[in-house]
Amino acid sequence: MPTNEKEINNILFDQLTILERLEEAHKNGFFEAEAGRIRKEIERKLYQKPPLED
């Protein structure tokens, strides 16, 4: 869980970046491929060893 404003801002910027990438991919006709790459990036963060938090 985010513990301070800086962490929350970082999460929001990450979400904005994802939206921008998906919008650009949709505009260029590569939505499925980009969505797959983003999913892999998110899963890599979720399941990293060792985890970010204990």
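Here, the structure is the one placed above.
How each quantity is defined
- Residues numbered from 1 in each chain as written.
- Predicted model: local features only at pLDDT ≥ 70, side-chain atom pairs only at ≥ 80, totals over all residues.
- Heavy atoms only, no water.
- Salt bridge = Lys/Arg side-chain N within 4 Å of Asp/Glu carboxyl O.
- Helix = DSSP H or I, 4+ residues; strand = E, 2+ residues; numbered from the N terminus.
- Buried < 20%, exposed > 50% of the residue type's maximum accessible area, 1.4 Å probe, protein only.
- Axes fitted to C-alpha atoms, helices over the stretch in contact; angles between N-to-C directions.
- Parallel < 35°, antiparallel > 145°, perpendicular 65-115°, else oblique.
- Left-handed = near helix turned anticlockwise from the far one by under 90°.
- Contact = heavy atoms within 4.5 Å.
- Nonpolar A, V, L, I, M, F, W, Y, C, P; charged D, E, K, R; others polar.

A. Representation of the pattern of salt bridges. Tallied over the full model, the rule gives five salt bridges. A salt bridge links Arg21 to Glu34, with the nearest nitrogen and oxygen atoms 2.8 Å apart. Pair noted here: Arg21 is in helix 1 (residues 5-28) and Glu34 is in helix 2 (residues 31-46), with a separation of 13 residues, a long-range link. Taking relative accessible area as the criterion, Arg21 reaches 27% and is therefore assigned partly exposed. Lys27 is paired through a salt bridge with Glu24; the nearest N and O atoms lie 3.5 Å apart. A residue pair is termed a helical-turn pair when its members lie 3 or 4 positions apart in one helix, as Lys27 and Glu24 do in helix 1 at three residues. Taking relative accessible area as the criterion, Glu24 reaches 39% and is therefore assigned partly exposed. If you follow the salt bridges from partner to partner, you end up with Arg21, Glu34, Arg37 and Glu41 in one network.

B. Expanded view of the packing of helix 1 against helix 2. In the contact formed by helix 1 and helix 2, the axes pass within 8 Å of each other and the chain directions differ by 160 degrees. Taken as axis vectors, helix 1 and helix 2 run roughly antiparallel relative to one another. For the pair helix 1 and helix 2, the crossing hand works out as right-handed. Only Phe31, Glu34, Ala35, Ile38, Glu41 and Ile42 of helix 2 make contact with helix 1, whose side of the interface consists of Ile18, Arg21, Leu22, Ala25 and His26. Residue composition of the contact of helix 1 with helix 2, by class: seven nonpolar, one polar and three charged.

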